[in-house]
Amino acid sequence: MANLILIITSHILLLAAIVSAGKGENFAKNINRKHFGLRKEKLTFFRVYWHDIQSGRDPSSVVLRPPLSNSSFFGAVTMIDNRLTTEVSVNSTLVGQAQGMYAGAGQHDASALMVMNFAFKTGKYNGSTISILGRNAVMTKVREMPVIGGSGLFRFARGYVEARTKWLNVKTGDATVEYSCYVLHY
């Protein structure tokens, strides 16, 4: 009788293990892309000017952690809420904000890790964002960084941006950078 109870108990435990093992495969499923309005991808190009202002009474860029030494940018962490405009002038038409941070990532060169969202505030893109994450070799004429996502009209976005410094005040750290953005989205 004890052997029968042991055999029945082991069969019940084995059956429970088999049933519960199958549940792990059901955590994901295919969804019809039309439920999310996903049709053919579009390629959108736009150009904005990013204004990094560290000086004055109302800076848009704040150093949270200074660099490890005076001779290197390495280790510095800066939070940003920079204006995005249509022209090089900081007072030109505002189209959004670049919000995020950058950090000095190169020990032997002036490179930064850029982590930011372009949050648009006007026109048909109002409320939409693109997310940029990548290496910015600051002293290079043209820098390329990936677009890794987005929201709103840029949902499921991917692509890249090209950054070109248009103006830099070495004394204050203020800069204007042109961002040419190539974004694939639905």
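Anyway, here's the lowdown on the structure attached to this text. (Residues numbered from 1 in each chain as written. Predicted model: local features only at pLDDT ≥ 70, side-chain atom pairs only at ≥ 80, totals over all residues. Heavy atoms only, no water.)

## Some thoughts on the overall build of the protein
So, point 1. When you go through the protein residue by residue, the secondary structure sums to one helix and nine strands.
So, point 2. Counted from the first residue to the last, the protein has its helices and strands arranged as α-β-β-β-β-β-β-β-β-β.
So, point 3. For the protein, buried positions account for 33% of its 186 residues.
So, point 4. Across the protein, every contact between residues at least 6 apart in sequence was considered, and the portion connecting residues at least 24 apart equals 46%.
So, point 5. Accessible surface for the protein amounts to roughly 11900 Å². Of this, 59% is attributable to carbon and sulfur atoms. (Helix = DSSP H or I, 4+ residues; strand = E, 2+ residues; numbered from the N terminus. Buried < 20%, exposed > 50% of the residue type's maximum accessible area, 1.4 Å probe, protein only. Contact = heavy atoms within 4.5 Å. Areas by Shrake-Rupley, 256 points an atom, 1.4 Å probe, with all protein chains shown as cover.)

## Considerations on the environment of Ile132
So, point 1. Residue placement: Ile132 occurs in strand S6 (residues 129-137).
So, point 2. Here Ile132 is in contact with Met114, Val115, Met116, Phe118, Met145, Pro146, Val147 and Val161, once residues within four sequence places are set aside.

## So, the packing of aromatic side chains
What describes a pair of aromatic rings is the distance from one ring centre to the other and the angle between the planes of the rings.
So, point 1. Per the stated rule, a full pass over the model turns up eleven aromatic pairs.
So, point 2. Ring pairing ties together the aromatic residues Trp50, Phe73, Tyr102, Phe118 and Tyr179, which thus form one cluster. (Phe/Tyr/Trp six-rings, centres within 6.5 Å; stacked < 30°, edge-to-face > 60°.)

## A word on the pattern of salt bridges
So, point 1. Enumeration over the complete set of coordinates arrives at six salt bridges.
So, point 2. The shortest N-O distance in the salt bridge between Glu162 and Arg164 comes to 3.1 Å.
So, point 3. A network of salt bridges, in which partner residues are shared, links Arg47, Glu162, Arg164, Lys166 and Glu178. (Salt bridge = Lys/Arg side-chain N within 4 Å of Asp/Glu carboxyl O.)

## So, the nonpolar core
So, point 1. Within the largest apolar cluster, 25 residues are counted, with the highest numbers of intra-cluster contacts made by Trp50, Met116, Phe118, Ile130 and Tyr179.
So, point 2. Secondary-structure elements contributing two or more residues to this core are strand S1 (42-52), strand S3 (77-85), strand S4 (94-104), strand S5 (111-120), S6, strand S7 (143-151), strand S8 (158-168) and strand S9 (175-185).
So, point 3. Per-element tally for this core: the top contributor is S5, with five residues.
So, point 4. With sequence-adjacent residues up to four places away left out, Met116 is seen in contact with Trp50, Ile80, Ala98, Gln99, Gly100, Ile130, Ser131, Ile132 and Tyr179. (Core = buried A, V, L, I, M, F, W, Y, C linked by side-chain atoms within 4.5 Å.)

## Comments concerning the side chain of Glu162
So, point 1. Take Glu162: it is sitting in strand S8.
So, point 2. Here Arg164 takes part through its side chain, which lies 3.1 Å from a polar atom of the side chain of Glu162.
So, point 3. Those residues in contact with Glu162 that lie beyond four places of it in its chain are Val142, Arg143, Glu178, Tyr179, Ser180 and Tyr182. (Polar contact = N/O pair within 3.5 Å; in protein donor to acceptor, adjacent residues only side chain to side chain.)

## A short note on the environment of Phe74
So, point 1. If you trace the backbone, Phe74 turns up in the loop between strand S2 (61-65) and S3.
So, point 2. Through-space distance from the C-alpha of Phe74 to that of Ala103 is 7.6 Å; in sequence the pair is 29 residues apart.
So, point 3. Filtering out sequence-adjacent residues up to four positions away, Phe74 remains in contact with Pro67, Leu68, Gly104, Ala105, Gly106 and Gln107.

## Points about the pairing of S9
So, point 1. Counting buried residues along S9, nine of its eleven residues qualify, which places the element largely inside the surrounding structure.
So, point 2. Pairing between S1 and S9: eleven bridges, direction antiparallel. Its bridge partner being in S9, His51 is matched across the sheet by Thr176.
So, point 3. Of the strand pairs in this sheet, S8 and S9 are connected by ten bridges, and their pairing is antiparallel. The partner of Arg164 across the bridge, within S9, is Glu178.
So, point 4. Following S8, the chain reverses through six residues before pairing antiparallel with S9; Gly173 in that reversal takes a positive phi of roughly 85 degrees. (Pairing = 2+ DSSP bridges.)

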